[in-house]
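# An overview of the molecular structure
Each chain, letter by letter, is given below.
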Amino acid sequence: MHWQTHTVFNQPAPLSNSNLFLSDCALRDAIAREGAEWDRELLASIGQQLGTAESLELGRLANVNPPELLRYDATGERLDDVRFHPAWHLLMQGLCANRVHNLPWEEEARRGSFVARAARFVLHAQVEAGTLCPITMTFAATPLLLQSLPKPFHGWLTPLLSDRYDPHFAPGGQKRGLLIGMGMTEKQGGSDVLSNTTKAEKPLTAAIGWWGTNGFSRYRKAMRISCWRRRKAASPASLCRAFYPTGSATRCGWSG
């Protein structure tokens, strides 16, 4: 016997197969007002693609299938890698292809590119938000790296400014695209980085060392980790940033 307690009639139909840009009057007005009208055609294309049922399903799959920690390979060698669901990689590929991570930092960036990038960000955010974390970290770190990346790593500039997504665990110079992640929260928890106990020190030699522990890195597939640390012998409120290639013992740079 089938029992029906009531009829659900006051719920909207699931949103799918709509253009996320053309249906957003406020966003359309904003790009025209703020100098990114030149990006309207591409934004409409992105909005159409992201508004499909298939794209929304990718967002759902990326969230119901959490990352899997891979400590060892089949032979027992230490990996410390993380496996993401294929939906995550497809979403990341789209974000990089649309240059949400580096559009204003291109050498020939157009006026209004910050606005255009923000509009693309808003569209992608309606499908899945977790992928925007490494994209935002890369966007924030890139101008600093363009200015102060050590000479031995200048080969990273091309993949850092590319529109390719490369999830492979490989040296930066061998990758088609680079993303930047942050390691900042210590294992005792808390979001106040000023309370971090880890100390960093830049001695007279070229090497940079730090002492302490880190709770987690924001995105393991970001092959280069930008870490915030308290500077040794400085005031408690003083922070520093050290550039650290994932999987390497070499600290590449220091920024106060």
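Everything that follows concerns the structure shown earlier in this document.
About the thresholds
- Residues numbered from 1 in each chain as written.
- Predicted model: local features only at pLDDT ≥ 70, side-chain atom pairs only at ≥ 80, totals over all residues.
- Heavy atoms only, no water.
- Phe/Tyr/Trp six-rings, centres within 6.5 Å; stacked < 30°, edge-to-face > 60°.
- Buried < 20%, exposed > 50% of the residue type's maximum accessible area, 1.4 Å probe, protein only.
- Helix = DSSP H or I, 4+ residues; strand = E, 2+ residues; numbered from the N terminus.
- Lys NZ or Arg CZ within 6 Å of the ring centre and 35° of its normal.
- Core = buried A, V, L, I, M, F, W, Y, C linked by side-chain atoms within 4.5 Å.
- Contact = heavy atoms within 4.5 Å.
- Polar contact = N/O pair within 3.5 Å; in protein donor to acceptor, adjacent residues only side chain to side chain.
- Salt bridge = Lys/Arg side-chain N within 4 Å of Asp/Glu carboxyl O.

Enumeration according to the criterion identifies five aromatic pairs in this entry. An angle of 85° between the planes, with centres 5.4 Å apart, marks the rings of Trp105 and Phe114 as edge-to-face. By relative accessible area, Phe114 is classed as partly exposed at 46%. For the ring pair Phe114 and Phe139, a centre distance of 6.2 Å and an interplane angle of 75° mean the geometry is edge-to-face. Placement of Phe114 in helix 5 (residues 113–125) and of Phe139 in helix 6 (residues 132–148) is noted, with a sequence separation of 25 residues between them. Residue Phe139 is classed as buried on the basis of its relative accessible area, which comes to 15%. A cation over a ring is seen here: Arg117 above Phe139, with NZ or CZ 3.8 Å from the ring centre.

Phe21, Ile31, Leu43, Leu50 and Leu123 are the most contacted members of the largest nonpolar core, which has 17 residues in total. Broken down by secondary-structure element, the contributors of at least two residues to this core are helix 1 (25–33), helix 2 (40–50), helix 4 (86–97) and helix 5. Counting residues per element, this core draws most heavily on helix 2, at four residues. Apart from the residues lying within four places of it in its own chain, the contact partners of Ile31 are Phe21, Ala36, Glu37, Arg40, Leu43, Val115 and Ala119. Counting residues in each nonpolar core, the second largest holds eleven residues, with Phe84, Met92, Leu95 and Val100 among its members.

On to the side chain of Asp39, then. By secondary structure assignment, the location of Asp39 is in the loop between helix 1 and helix 2. A polar contact of 2.8 Å, which involves the side chain of Asp39, links it to the side chain of Arg120.

When you line up the elements, Gly181 lands in strand 3 (residues 180–183). Linking Gly181 and Cys133, residues 48 residues apart in sequence, is a C-alpha distance of 8.5 Å.

Attention now moves to the pattern of salt bridges. In this structure the tally under the stated criterion is eight salt bridges. Asp166 is paired through a salt bridge with Lys175; the nearest N and O atoms lie 3.7 Å apart. Taking relative accessible area as the criterion, Lys175 reaches 6% and is therefore assigned buried. Among the charged side chains, a network of salt bridges with common partners joins Asp166, Lys175 and Arg176.

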